[in-house]
Amino acid sequence: MKTALTLDLEKTLYAYWEDQGAFPVEEVTMPDDQGIVDTLVMQPGEPLTWRCFELKVTKSDFHSSAKLSFVGHYNYFVLPLKLYHAVEAEIPAGIGVMTYQPFSPAALKAATVPITVPGALTISRPPRRRPLQVPEQALLVRFIASLNREVEKAKQVDKGLAHFTDQQLLAELKRRSDQYRVYDPDANLYDRVMGEVEGTAVATLQAEVDALTAELAALRRRA
């Protein structure tokens, strides 16, 4: 599960590279046991330029045993500024760093143009270019597959619950049952769903009763 800070870094990173005319996508699985790139950016041109980003928000996250998939031409850590200062000496040579700072509520309030990202990124340490660590064709195939995954996610959101089977919806309700609060029905998805279903059923039955009552009254008047 991604933390709120990780999501803020990710959103800001997307916007940064989209502004550069590049194409980012998250969680791209690499071939040959090369791990998963947190964010992969393809920069158009002849030839293409590939950038890999590892997002870290805590020291324990930075020291995780998870494989660092620095397979691109340029490779970066994306870190909150405070974390960068704490781990700067541990960052390998040639790896770049983009540091993140959130916008203050006062700055957001004072902005005269719409602010669509939660903070700003700065290249605090430029990366050194190196050859790709995986074949470019394999990288391109996985990049496209990850983009397709994101399109499918968007389609699911657009279709809403109609996209999911009854079994999937039931499984999700069961998954959330450990958070069930007996004395707080409004906080429970199951209670809210069932309340809406029961409310709809009662309203439908009441409409039918009203229609039958009106029809009966009309028959009595004619008699």
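As shown above, the structure is provided for reference.
About the cut-offs
Residues numbered from 1 in each chain as written. Predicted model: local features only at pLDDT ≥ 70, side-chain atom pairs only at ≥ 80, totals over all residues. Heavy atoms only, no water. Pairing = 2+ DSSP bridges. Helix = DSSP H or I, 4+ residues; strand = E, 2+ residues; numbered from the N terminus. Buried < 20%, exposed > 50% of the residue type's maximum accessible area, 1.4 Å probe, protein only. Phe/Tyr/Trp six-rings, centres within 6.5 Å; stacked < 30°, edge-to-face > 60°.

Enquirer: Tell me about the pairing of strand 1 (residues 23–29), residues and numbers included.
Expert: A regular strand carries its side chains on alternate faces of the sheet. Inspection of the sheet shows strand 1 paired to strand 2 (residues 36–43) by six bridges, in the antiparallel sense. Bridging from a neighbouring strand, Glu26 pairs with Thr39 of strand 2.

Enquirer: Can you lay out unusual backbone geometry for me, pointing to particular residues and giving the numbers?
Expert: Note that the residue after Glu46, namely Pro47, is joined by a cis bond; omega there is 0°. Although it is not a glycine, Glu27 adopts a positive phi angle of roughly 50°. Along the chain, Glu27 falls in strand 1. Taking relative accessible area as the criterion, Glu27 reaches 33% and is therefore assigned partly exposed.

Enquirer: Before we move on, can you summarise the packing of aromatic side chains with the specific residues and values?
Expert: To describe a pair of aromatic rings, one takes the distance between the centres and the angle between the planes. Under the definition given, this model contains seven aromatic pairs. Members of the aromatic cluster, connected to one another through ring pairs, are Tyr16, Trp17, Phe53 and Tyr76.

Enquirer: Requested: an account of the environment of Gly45, with residues and values cited.
Expert: Within the secondary structure, Gly45 is located in the loop between strand 2 and strand 3 (49–55). Along the primary structure Gly45 and Ala22 are separated by 23 residues, whereas in three dimensions their C-alpha atoms are 9.8 Å apart.

Enquirer: Any chance you could break down the pairing of strand 3 for me, citing the residues and the numbers?
Expert: For strand 3, a buried count of seven out of seven residues is recorded, marking the element as mostly surrounded by other parts of the structure. What you see with strand 3 is no split at all: Thr49, Arg51, Phe53 and Leu55 on one side and Trp50, Cys52 and Glu54 on the other are buried throughout. Here five bridges tie strand 2 to strand 3, and the two strands are oriented antiparallel to one another. Note on strand 3: the bridge partner recorded for Thr39 is Phe53. Pairing analysis gives five bridges linking strand 3 to strand 4 (residues 74–80), with the strands arranged parallel. Bridged to Glu54 within strand 4 is Phe77.

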